[in-house]
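Residue strings, one per chain:
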Amino acid sequence: MSEEKEQRTALITGATSGIGRATAQIFARHGIRLVLCGRRQERLDNLKLELSGLTDVHTLQFDVREKNEVFEAIGSLPALFSEIDILINSAGNAHGLEPMQEGDVDDWDAMIDGNVKGLLYVSRAILPQMVQRKGGHIIHVGSTAGKEVYANGGVYCASKHAVDAISKGMRIDLISHGVKVGAIHPGMVETEFSKVRFKGDTERADAVYQGLKPLSAEDVADVIYFMVSRPAHVNIGDVVVLPLAQASSTVRHRE
Ligand code: 8X3
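The paragraphs below set out a description of the structure included in this document. (Residues numbered from 1 in each chain as written. Predicted model: local features only at pLDDT ≥ 70, side-chain atom pairs only at ≥ 80, totals over all residues. Heavy atoms only, no water.)

## Overview of the pattern of salt bridges
Operational definition: The salt bridge definition used is simple: a Lys or Arg side-chain nitrogen within 4 Å of an Asp or Glu carboxyl oxygen. Classification of residues uses two cut-offs on accessible area relative to the type maximum, computed with a 1.4 Å probe and protein chains only: under 20% is buried, over 50% is exposed, and between them is partly exposed. Where helices and strands are cited, they refer to DSSP runs of H or I of at least four residues and of E of at least two residues respectively, numbered from the N terminus.
Here the structure, examined in full by the defined rule, presents 11 salt bridges. As a salt-bridge pair, Asp 63 and Arg 65 come within 3.1 Å of each other at their nearest N and O atoms. Since its relative accessible area comes to 31%, Arg 65 is described here as partly exposed. The salt bridge partner of Asp 107 is Lys 199, with a shortest N-O separation of 2.7 Å. Taken together, the residues Asp 107 in helix α5 (residues 105-133) and Lys 199 in the loop between α7 (193-197) and α8 (202-208) connect sequence positions 92 residues apart. Each of the salt bridges in this network shares a partner with another, and the network as a whole consists of Lys 147, Asp 164, Lys 168 and Asp 238.

If you want it as structure tokens, here you go:
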């Protein structure tokens, strides 16, 4: 680790759970100033309380799916937090696991609006200032579902394929502006992910991880911190992270 004191500010979406929260925690331990974004104010308050002893923390309560809320919230940042050096687009979820012919269109809206459009809105709200300062780092949290397609997950996979494409497109568009763009694509991570996907059916959610050791949110956050702590000329463009027991979206080894 560099001896220099960390001066950067990171804005993290989806900061109240899973990979977003673990990323906030590791960033705080390294003294990165934080703007924590999420839908649930109480969770944001608790996380701020937990991390304030380590770094400066500001919270923004909004839903990434609400275009106006996104631009208003990010536009309202106080001076100390208004220059965003690192954006972690971690907000996103899976809703349902059904064949297309039985899919719930509200689930589709939630996935496309959150995982794709929400990520675009937040990026669009922050990119101009990065371009103006000729610096910054954006990391999208994708998924192995953005690299492969599996049965009953077609729309979730589509949303994560979009994240992969947006990440690549953004890197091309920002090439002459000094802004790093990268993505991390985790496989199985034990968070609230499956509980959300199966709408609170804990039996179904727990079965996903039975007989194997999935990644933890901290395992993924460690890699994200590695990505943001490389020298200025190094950009980690694309990372796939899997638990040892997973070879692909469909090949898993259970004891
Ligand atoms: C989460 C991984 O395999 O459930 O994005 O799609 S998977």
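## So, α5
What counts is decided by this rule: Here, expected helix span is obtained from the residue count minus one, scaled by 1.5 Å. Distance and chemistry together define a polar contact, namely a pair of N or O atoms within 3.5 Å, with one atom able to donate a hydrogen and the other to accept it when in protein, and with adjacent residues in sequence counting only for side-chain atoms on both sides.
Taking 1.5 Å per residue, 29 residues should reach 42 Å; α5 reaches 41 Å between its end C-alpha atoms and fits that length. In this structure Asp 104 caps α5, since a side-chain oxygen of it lies 2.7 Å from the backbone nitrogen of Asp 106. Lys 134 occupies a position one or two residues after α5 and carries a positive phi of about 55 degrees.

## Observations regarding the packing of aromatic side chains
Inclusion rule: Each aromatic pair joins two rings of Phe, Tyr and Trp (for Trp, the six-membered one) with centres within 6.5 Å, and gets the label stacked for planes under 30 degrees apart, edge-to-face for over 60, and tilted for any other angle. A ring is considered to have a charge above it if a Lys NZ or an Arg CZ atom is located within 6 Å of its centre and within 35 degrees of its normal.
Tallied over the entire structure, the rule returns two aromatic pairs. A ring pair is formed by Phe 27 and Tyr 225, whose centres lie 6.2 Å apart and whose planes are at 70 degrees; its orientation type is edge-to-face. Remark: Tyr 225 occurs in helix α9 (residues 217-228) and Phe 27 occurs in helix α1 (residues 18-29); sequence separation between them is 198 residues. For Phe 27, a relative accessible area of 0% translates into the label buried. Overall, Tyr 225 belongs to the buried group, its relative accessible area being 11%. The lysine or arginine in question, Arg 197, covers the ring of Tyr 156, its NZ or CZ lying 5.1 Å from the ring centre. The side chain of Arg 230 reaches across the aromatic face of Phe 226, ending 3.8 Å from its centre.

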